[in-house]
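A closer look at the structure
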Amino acid sequence: MKERKKLLSLTLAAALTLGISAPAMAAEGTAPVFTDVASDAWYAPAVSYVSEKGIMNGTGDNAFGPSLTVTRGMVYQTLYNMAGRPAVAEAASFNDVSDQWYADAAAWAEDEGLTTGVGQGAFGGERAMTRQELGKVFADYADAQGAQADNADLSTYADAASVADWAKDGMERAVALGILSGSQNKLNPTGTAQRSELAQILMNFGQLTFETPAEDYIKAHAEDFFLTGKAEYTIQGMMVSKDTTFHNDLENVDYTATDDGESVVLKGTVGEQWVTKLSKVLETYTKADGTALKAEDFTSSKDTFIDLKTKAEPDTNFACFVPKDVRLTVNTAWGDVLHVNDPVSEHGYGDYLVCPNKDGKPDFSDVWVVNGAIFANTYDVSRAPVVGSVAAIEKYGNLDLDIKPEVLYTAGLELGDVLDVTVNGQSLEIPFCTAYSDVNTGECVVRDNKESDILVVAINMGNFAGTYGVEEGDIVTFTLAEKAGYLGQYQAHQLERTNERSDYASDEVFANFRAITVGDIAEGVLYRTSSPVNPEIGRAAYADDLIEKAGVKTVVNLADDDEAIQGYFAAEGFDSPYYKGLYEAGNVIALNMGVDYKAADFQAKLKTGLQFMIAHEGPYAFHCTEGKDRAGFTAILLEALMGASQEEIMADYMVSYENYYHVEKNSEQYKLISEVAVGMLRDLAGLEKGADLSKVDLQKAAEDYLTGIGLTADQISALKTNLSTPISG
């Protein structure tokens, strides 16, 4: 028999979020439609859940088999799938699992101490499982993960006496946790379980929240503890004349105060109440006017609250913020068990672990919990992280937070500082700026969006939410990583553009319009421009005139979809008739591309746009809105494909900044911004950040890129021919 682990190593994240495909199991994704699962069946939501998560699959021919009997192999395979199908070090010791589809699941379950088999060395994978067996397996599994609940009273069920002695505790816990429930006042403990019931149990289990001991969290976040101390604030206190019981909503605890001359009821800053000793109150608080408290202040006015003021104790503690989606159990130095982020209570963004300051360092031998809803009222938060949550995720994956930029400024953070940003368990050092373009392509930015007064976390031309797995409601924290660590770069990126034609030297400069003639691109074949159709930045009519003068016959619109284009046409004041004529003739393709040029969606749409160019005659023009970012990458790709040098490519990229922002050529600002183009070239060539480009064949890199996004060799050749062939006539 293999040695078994005493505790499960399955983590909460794996248990709840991973659903990797397995033999007879589905890959995580869109739930299939099963012909034998009616949309109004009681188990339909559970079937959708387990199939979407990849925990269970159908039985073939688009059927789920909801009434089929559950086997041991099936149950342990589903648990193994929730764990992410970790590699098993050695085969199971069972004598009946070799070559079975659940062999790895059996080995994993044995390693984790989940099962010892059914006797005589057998796993019994084909053996049916009863409902009480399921209840015990899942209750034990939940217990090992930290899901706590008092045992339920099964006597309310008519068949409670049918529960076997060995299964009674497990069934009580399974019912208490909501993993398993009865039907028509019966538990049916000895009945064989069906696949529909297993699906429901798995969904119930997936909705549990688990607590883990705080020790590991404290160890992992020791550097996140900040210096703090009790602030001065006012609460209330009283003694009672008779036994009084009340519930503390913040702690989810019931208290009873007695008339014993020692118990004092305290009412906190948000109305929460608890009981403590008179001696502690006299030591910790004063009267509202700051004078000392006496026992008589309480004994002479029982059942009436009096105001109490705390004595400020600066720098006496350290504290660490714990996001509300993390649940911990704290065993205090005085013997109590406290719960971090108990879901029954309100916690704001999350609770705080607090400990004494011992010789300038946190004393982790004495840790307690302060509810996040009251921490800022009772402790000094001047050195605490700034905390917010994701209010919305924008189209391109930018995070809009529910706190204003002013909150960062109030905390002493300034533009040009490098911030330590923690989200979804990941810590990133990100500069604090005002525009996406203040950082290079592919880099993260914390943005004060001054136009809308929104605090944004984003990737310049990337998808932050997709890259880091962020969802609405996730907690985000900010602390200072380096004061003014990005200030020089930030100041160099400060650019101002107007939408007034009179501020620019020519229509071409104003519209960011130009012919591309680098490398083997023939003169008069390829143009880039700001949008000739979207009036947002006031340049559409000018750009439309310029593409008409250039004789453009084919347009690739990188930014808009057809609905948006038709909306521009219908808008009052529309003044781009040439563009409209091209569109109505079928010579404009609307790609509606995102800004993340590394994204599969961007690449698929770019492929479509290039195929459109191959199939249509030039001259060609391509544009996004400004003709700077999406158009910038497209220009870099086509220029490299046609044999342009790195210097030529960078010079054309920077013309947009000369046009829009009057950036002086070869200035320090010019050199800094041009690194954006260098980064795009590195990405095009598949190189790491900072890699040397001097020996890279950029034309070959562009050809490889186009092959990678799905163009054939013949299509690439045709594209090159179209761009290098002068326009006749």
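Residues numbered from 1 in each chain as written. Predicted model: local features only at pLDDT ≥ 70, side-chain atom pairs only at ≥ 80, totals over all residues. Heavy atoms only, no water.

Some words on the overall build of the protein
Scanning the protein from N- to C-terminus turns up 24 helices and 27 strands. Dimensions along the principal axes, computed over C-alpha positions, put the protein at roughly 100 × 75 × 50 Å. Across the protein, contacts joining residues at least 24 apart in sequence account for 69% of those joining residues at least 6 apart. Element-wise, carbon and sulfur atoms account for 47% of the exposed surface of the protein, whose accessible area totals about 32900 Å². Charged side chains in the protein number 55 positive and 110 negative. The centres of these two groups are separated by 2 Å. (Helix = DSSP H or I, 4+ residues; strand = E, 2+ residues; numbered from the N terminus. Contact = heavy atoms within 4.5 Å. Areas by Shrake-Rupley, 256 points an atom, 1.4 Å probe, with all protein chains shown as cover. Lys, Arg positive; Asp, Glu negative; His and termini not counted. Charge placed at Lys NZ, Arg CZ, Asp CG, Glu CD.)

Quick notes on the confidence of the model for the protein
A low pLDDT means the predicted coordinates there should not be read in detail. In the predicted model, the protein carries a mean pLDDT of 90, and the fraction of residues at 70 or more is 95%. This model gives residues 1-29 a pLDDT under 50, and the stretch forms 91 contacts once residues within four places in sequence are excluded. (pLDDT = per-residue confidence, 0-100.)

Quick look at the nonpolar core
One finds L79, F138, I179, L198 and F205 to be the most contacted residues of the largest nonpolar core, which totals 61 residues. Of all the secondary structure elements, the ones that give two or more residues to this core are α2 (44-52), α3 (72-82), α4 (103-111), α5 (131-145), α6 (165-177) and α7 (195-206). In this structure, L198 is in contact with M56, V70, M74, V75, T78, L134 and F138, ignoring residues within four places of it in sequence. (Core = buried A, V, L, I, M, F, W, Y, C linked by side-chain atoms within 4.5 Å. Buried < 20%, exposed > 50% of the residue type's maximum accessible area, 1.4 Å probe, protein only.)

Comments concerning the sheet that holds strand β12 (residues 337-340)
Backbone hydrogen bonds hold the strands of a sheet together, and the pairing may be parallel or antiparallel. Overall, mixed pairing links the three strands, which are arranged β1-β11-β12 in an open sheet. On the outer flanks of this sheet lie β1 (212-213) and β12, each paired with one strand and no other. Sheet topology note: the strand β11 (residues 328-331)/β12 ladder contains four bridges and is antiparallel. Residue N331 lies in a different strand from β12, and its bridge partner there is V337. (Pairing = 2+ DSSP bridges.)

Observations concerning the pattern of salt bridges
Applying the stated rule across the entire model yields 28 salt bridges. Measuring nitrogen to oxygen at the nearest pair gives 3.6 Å for the salt bridge that ties D297 to K287. Remark: K287 occurs in strand β8 (residues 285-287) and D297 occurs in helix α10 (residues 296-299); sequence separation between them is 10 residues. Residue classification places K287 among the partly exposed residues on the basis of a relative accessible area of 29%. Close ionic contact of K628 with E626 constitutes a salt bridge, the shortest N to O distance being 3.3 Å. K628 sits in the buried class, given a relative accessible area of 4%. Take E626: its relative accessible area is 18%, and that puts it in the buried class. A cluster of three or more residues bridged by salt bridges with shared partners is formed by K136, D140, D169 and R173. (Salt bridge = Lys/Arg side-chain N within 4 Å of Asp/Glu carboxyl O.)

Section: the pairing of strand β18 (residues 418-423)
Both β18 and strand β19 (residues 426-433) contribute to a ladder of six bridges, which runs antiparallel. Bridge pairing in β19 links T422 to S427. Taking the residues between adjacent antiparallel strands as the criterion, β18 and β19 are bridged by two residues, where N424 takes a positive phi near 55 degrees.

Considerations on the environment of K689
In this fold, K689 is placed in the loop between α22 (668-685) and α23 (698-708). Once you skip the residues sitting within four places of it in the chain, K689 turns out to touch E443 and R682. There is a polar contact of 3.0 Å between the side chain of K689 and the side chain of E443. (Polar contact = N/O pair within 3.5 Å; in protein donor to acceptor, adjacent residues only side chain to side chain.)

Concerning the side chain of Q132
If you trace the backbone, Q132 turns up in helix α5. Since its relative accessible area comes to 7%, Q132 is described here as buried. Among the polar contacts listed, one links the side chain of Q132 to the backbone nitrogen of A164, at a separation of 3.1 Å. Once residues lying within four places of it in the same chain are set aside, the contact partners of Q132 are S162, V163, A164, W166, A167, M171, P189 and T190.

Notes on unusual backbone geometry
Residue P619 is bonded to the preceding G618 through a cis peptide linkage, with omega at 0 degrees. Here P619 lies in the loop between α19 (600-615) and β27 (620-623). With a phi angle near 60 degrees, N62 is a residue other than glycine that sits in the positive phi range. Here N62 shows up in the loop between α2 and α3.

Thoughts on the environment of V88
Within the secondary structure, V88 is located in the loop between α3 and α4. Taking the C-alpha atoms as reference points, V88 and L698, separated by 610 residues in sequence, lie 45 Å from one another. Setting aside chain neighbours within four positions, we find V88 in contact with Y80, D104, A107 and W108.

Here's the deal with the packing of helix α16 (residues 540-549) against helix α18 (residues 577-584)
Contact geometry of α16 with α18 gives a least axis separation of 7 Å together with a crossing angle of 65 degrees. Within the contact between the two elements, α16 uses D544, I547 and E548 and α18 uses P577, Y578, Y579 and L582. In terms of residue class, the contact of α16 with α18 is built from five nonpolar, no polar and two charged. (Axes fitted to C-alpha atoms, helices over the stretch in contact; angles between N-to-C directions. Nonpolar A, V, L, I, M, F, W, Y, C, P; charged D, E, K, R; others polar.)

Points about the environment of G686
Mapped onto the secondary structure, G686 falls in the loop between α22 and α23. Expressed as a C-alpha distance, the spacing of G686 and Y705, which sit 19 residues apart in the sequence, is 8.8 Å.

What to know about the packing of aromatic side chains
If you walk through the whole model with that rule in mind, you get 30 aromatic pairs. Here W42 and Y43 contribute two aromatic rings whose centre-to-centre distance is 5.2 Å and whose plane-to-plane angle is 85 degrees, an arrangement assigned as edge-to-face. Overall, W42 belongs to the exposed group, its relative accessible area being 53%. Exposure remark for Y43: the relative accessible area of 14% places this residue in the buried category. Between the aromatic rings of F246 and Y255, the centroid separation amounts to 6.0 Å while the plane-to-plane angle is 25 degrees, which identifies the pairing as stacked. Using a relative accessible area of 12% as the deciding quantity, one classes F246 as buried. Put simply, the rings of Y76, F94, W101, Y102 and F123 pair up and form one aromatic cluster. The aromatic ring of Y436 is capped on one face by R447, whose charged end is 4.5 Å from the ring centroid. (Phe/Tyr/Trp six-rings, centres within 6.5 Å; stacked < 30°, edge-to-face > 60°. Lys NZ or Arg CZ within 6 Å of the ring centre and 35° of its normal.)

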